[in-house]
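Residues per chain are reported as follows:
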Amino acid sequence: MHDGNFTAFLIDDDPAILKALSRLLRASGYDVMPFHSSRAFLAAHDSSIPGCAIVDLAMPDIDGLQLQEALHKENVERPMIFLTGNGDIPTSVRAMKAGAIDFLTKPVRQSHLLAALTRAIEADAQMRQERASLQSINDRLSLLTRRESEVLRYVVAGRLNKQIAGSLGTVEKTIKVHRGRMMTKLGVRCVADLVRLAERAGITPQA
Amino acid sequence: MSSITLAIERSPASQLGNFIKNPIAVAVAYYVGAEMAFFVGTLSDKIFAPFWPPNIILFCALLLTPTQRWWIYFLAAFPAHVAAELGVGMAMPQLLVAFATNCLVAGMNAFAVQKFLGGARCFNTLRRTAIYILITTIASPALSALGGAFVQAMGNGGLEHYGLYWARWYASNALGSLTLGPVAMICLTETRWPTSFALTYRHAEAAAVALMLFAICSVAFNLSAATAAGGYLPTLLYLPLPLILWCAVRFGVKGASGAILMVSFVLIWRTLNGPTLFVVGDAETNVFALQIFLIGLSTPILLLGAAIEETRHAEQTTRESEERMAFVAASSNLGLWRQELATKHFWATRHCFDMFGLPVTTRPTLEALLNCIHPADFRFASIAMKSAIQHGAPVEIEFRIGANNDDIRWIAARARPEFEDGNVLVAIAGAFTDITQRKAAEAEAMLQRQEITHLMRVSMLGELSGSLAHELTQPLTAILSNAQAGKMVLAHETPNIGEISEVLDDIITEDTRAGEVIHRLRRLLKKGDAKYETVDLNDLINTTLRLLHSELINRRVATSVDLTPDLRLALGDPIQLQQILINLLMNAMDAVEEMSPSRRIINVSTNNVGDDEVEVRIGDRGTGLRAAEKQYVFQPFYTTKKRGLGLGLSICSSIMKSHGGSLSIQNNESEGATASFRVPCKIM
């Protein structure tokens, strides 16, 4: 029994299944938003709502895998659970490789569905957390001046202050000042933390 | 033609024929014949015979000889002629003229008979006999008498009686052709001389009637002047007639010619040797009257004999032909029968009764045969037969015979009425054929066709199994989720009973849906005879599209459905019609498989066509049929698909045929092809 704020986005062209699964998931404590087609879902989608898409694989117009691709293209991250009547292995591998939480065959058992949903909640939470931490790193990185950013890339490349000063055509003392300010702005104490942060932010070291 | 006939007539090589072909024999016979004529009665002073056998002998010899060899016989006959005529004291010039006219009449007779009758067989039909009489009794004696009359004119030294002499010469030759001629020619052409003489009833009868005729003639023609004066002359004249008719009727042309010869012989002999019926004038006038009488009597009798011969021959031919027909009919397993309506007389070939399994002793009636009909078929078969007998309607029915189910045989009966005078029904004639083997083969073929149709249906559903399973999975999924949701609702401290009720309603609905899927599948998988009923093709199309729902989605094919709302009800087997729909829809899906999404559309529509048909059209937007494919698409084992037996359309086509409908495939104007089938609809 889930009682958090988590929405299951149900997408199935069969109204009976949509209704039954909605009922089951609501009874299990989830918020449910049912859609009868991928198009309807895409039109109304709000990625800020924490939740998971439960998608029928075989649908007219846009099917489950195409929906997954469409979301990827729009850079929307949304955990997905696929339901299928007759899933074959190649299709399931494709879905899983593209980041699906699970690939369940119909008729789906409550326990399997809820277990998959639990994993989806974790994945969603993790994703959101990661996105949040990345956001804070990016926020901090945006505080750096151009010179400080340059110094950062030399530091994470493992260059000494003297070498950096040589490369930038200045004196070692100036670099020390920049480096101190940069470390303060980014809120790191040691070079190891700085390297980890740069890595997460995708900053390439200056060779 | 004539040479063939001659060859055939010569081939039996009757001894008489061979004899008469010998020129020396002809000479001898000529002389003997002349002497016979003189013996029977020659008015020696007038040198004139009432009938003249030598001309007939010469005629027969010439008839059997090619024209270019005739001179041999003329040469051979000349010494005989001279010898005979000199014997009775005829002068040389007269003798020569007589010989010339004798040769002329014999030659003309032989030439004309060969040309028009093709040989000596002259008396087998009425027509040929009439031609014979025309030639030998009328034309050629009349012509030759123009010369012959001079013989007497020269003897008596006067031409003022030329007409009379002509008439006498003519009558003499004509009588010979009528009396001796037929007997001689029949003897020449008779091929069935008895090899051993066995006394039969017919022989005895012939002998008896000949004796009686001889006796009656002797009595009748031998009379005194008193009898003649008493006025019995006409009565006596007709006395031999019944016996002559007897001869003609019983023994045909042989009897007739024999009787004529005998009457002539006796009458001439009596006339020249004593008082007879012909006693009016001088001897010459008497003989002439006698000749005219005999010619008048012989002509119709000879014709009657020939007519009877012809009838008898026709009867025999008919009988032989009937026997042949019965034999052929029995060999080809055909029983023939005929029922006369007025007399109730029933005739049937032996084989009819064998076919119906009736013993030989059965009294032949139509009822006896009809009573063998299987009880289940008896009513309609006897109604059909009776209506044929009552209204003269032709019958063509098939029924079973035999009471036990083990020895049932199928019989085809055909009968047609026979009318006389246009529209008076006189008889029903028909034939029975044993068609058990054909029926067995038909039943076998029917069974095999059903088996194949069923197997194709099963294999088609096998191809669809994934999609069909999905059709079942959908309701099952809904049921499971609803049931589990229901359990959770119940687990609440205060369960919402209204919601539980809704859950249960949905479960029932979905269960019904699953049941329908199974029901539809079972109907399609079931094996059985075609059952014709009224079918709403619109319903059938909707049901079929539901069944193929998953398949269509999986293969990413959309449908565009345009059904006529007031579609007539079709008449057919719903399962076989659905088989056709599935087959055509799957073909359409195959056709658009490789197409871009915008062309992956199948159009399904229905229409009323004409007054008595409904049409279903299934169109795709694929590549259509290639020109070379069009003629092969309905042939078994022809396929353009990578997998597939090539039986689908061939079976659809045969299903349509058995429905009395039609199936066709045509390319669309723009793109793709449309398959359409027409089914007869229920007659309102």
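Heads up: the structure comes first, above all this text.
Heads up: these notes are all about the structure in this document. (Residues numbered from 1 in each chain as written. Chains lettered and ligands numbered in written order. Predicted model: local features only at pLDDT ≥ 70, side-chain atom pairs only at ≥ 80, totals over all residues. Heavy atoms only, no water.)

### A look at the overall build of chain A
For chain A, the helix and strand inventory stands at 9 helices and 5 strands. Starting at the N terminus, the α and β elements of chain A follow one another as β-α-β-α-β-α-β-α-β-α-α-α-α-α. The buried share among the 207 residues of chain A stands at 45%. Within chain A, contacts between residues at least 6 apart in sequence are counted, and of these 65% link residues at least 24 apart. Here chain A has roughly 10,700 Å² of accessible surface; of this, 53% comes from carbon and sulfur atoms. (Helix = DSSP H or I, 4+ residues; strand = E, 2+ residues; numbered from the N terminus. Buried < 20%, exposed > 50% of the residue type's maximum accessible area, 1.4 Å probe, protein only. Contact = heavy atoms within 4.5 Å. Areas by Shrake-Rupley, 256 points an atom, 1.4 Å probe, with all protein chains shown as cover.)

### Points about the overall build of chain B
Looking only at helices and strands, chain B has 23 helices and 12 strands in total. Relative to all contacts within chain B whose residues are 6 or more apart in sequence, the contacts with residues 24 or more apart total 68%. Looking at chain B as shown, the accessible area adds up to about 34,600 Å², and 61% of this sits on carbon and sulfur atoms.

### Some thoughts on helix α6 (residues 146–156) of chain A
Listed in full, the buried residues belonging to α6 of chain A are Glu148, Val151, Leu152, Tyr154, Val155 and Val156 of chain A. Of the residues flanking the end of α6 of chain A, it is Gly158 of chain A, one or two places downstream, whose phi is positive at about 85°.

### Let's talk about a positive patch on the surface
A cluster of like positive charges, contributed by Arg522, Arg523, Lys526 and Lys531 of chain B, occupies part of the molecular surface. Looking at Arg523 of chain B, the relative accessible area reads 32%, which means it is partly exposed. (Patch = residues over 30% accessible without salt bridge, like charges linked within 9 Å, V, L, I, M, F, W, Y side chains within 5 Å. Salt bridge = Lys/Arg side-chain N within 4 Å of Asp/Glu carboxyl O. Lys, Arg positive; Asp, Glu negative; His and termini not counted. Charge placed at Lys NZ, Arg CZ, Asp CG, Glu CD.)

### A word on the pattern of salt bridges
Residue and element names in this part refer to chain B. Under the counting rule described, the total for this entry stands at 35 salt bridges over all chains. One salt bridge connects Arg250 with Glu205, and the closest N-O pair in it is separated by 2.7 Å. Here Arg250, found in helix α12 (residues 241–273), pairs with Glu205, found in helix α9 (residues 201–221); they are 45 residues apart in sequence, far enough to count as distant. Taking relative accessible area as the criterion, Arg250 reaches 31% and is therefore assigned partly exposed. Residue Glu398 is joined to Arg438 by a salt bridge in which the shortest nitrogen-to-oxygen separation is 2.7 Å. Note that Glu398 is positioned in strand β3 (residues 395–401) and Arg438 in helix α17 (residues 436–463), a separation of 40 residues in sequence. Residue Glu398 is classed as partly exposed on the basis of its relative accessible area, which comes to 28%. We classify Arg438 as partly exposed; its relative accessible area is 40%.

### Thoughts on the pairing of strand β12 (residues 673–680) of chain B
All names here are of chain B. Judged by how many residues are buried, β12 sits mostly within the fold: 6 of 8 residues are covered. Looking at chain direction, strand β10 (residues 613–619) and β12 are connected through 7 bridges and run antiparallel. By the bridge assignment for β12, Glu613 is matched with Pro680. The pairing of strand β11 (residues 662–667) with β12 spans 6 bridges and is classified as antiparallel. Considered in β12, the bridge of Leu663 is made with Phe677. Two successive antiparallel strands, β11 and β12, enclose a turn made up of 5 residues, where Gly672 displays a positive phi of approximately 75°. (Pairing = 2+ DSSP bridges.)

### Looking at the environment of Pro53 of chain B
Residues and elements named next belong to chain B. By secondary structure assignment, the location of Pro53 is in helix α4 (residues 53–63). Spatially, the C-alpha atoms of Pro53 and Thr179 are 9.6 Å apart, while their sequence positions differ by 126 residues. What Pro53 contacts, discounting residues up to four positions off in sequence, is Gly33, Ala37 and Leu180.

### Overview of the sheet that holds β3 of chain B
Residues and elements named next belong to chain B. Strand order in the open sheet formed by 5 strands is β2-β1-β5-β4-β3, with antiparallel pairing between adjacent strands. Two strands in the sheet have a free side with no partner beyond their single neighbour: β2 (346–348) and β3. For this sheet the average axis-to-axis angle between neighbouring strands, irrespective of direction, equals 20°. By the bridge criterion, 3 bridges tie strand β1 (residues 334–340) to β2 in an arrangement that is antiparallel. Among the inter-strand pairings, Arg338 is bridged to a residue of β2, identified as Trp347. Along the sheet face, helix α16 (residues 375–391) touches β1, β3, β4 (409–420) and β5 (424–434) and points at about 150° away from the line of β3. Packed onto the sheet, α17 meets β3, β4 and β5 and runs at close to 125° relative to β4. (Axes fitted to C-alpha atoms, helices over the stretch in contact; angles between N-to-C directions.)

### Some remarks on the interface of chain B and chain A
With 24 residues of chain B in contact, the opposing surface of chain A contributes 26 residues. Summing both sides of the interface, chain B and chain A together bury roughly 2,100 Å²; the carbon and sulfur share of this comes to 55%. Taken together, chain B and chain A are joined by 5 salt bridges. Close ionic contact of Glu502 of chain B with Arg23 of chain A constitutes a salt bridge, the shortest N to O distance being 3.5 Å. Residue assignment for the side of chain B that touches chain A shows that the elements contributing at least two residues are α18 (465–491), α19 (497–525) and α21 (549–554) of chain B. Per-element accounting of the side of chain B that touches chain A gives the leading share, 14 residues, to α18 of chain B. Within the side of chain B that touches chain A, the residues separate by chemical class into 7 nonpolar, 11 polar and 6 charged. (Buried area = accessible area lost by both parts, 1.4 Å probe. Nonpolar A, V, L, I, M, F, W, Y, C, P; charged D, E, K, R; others polar.)

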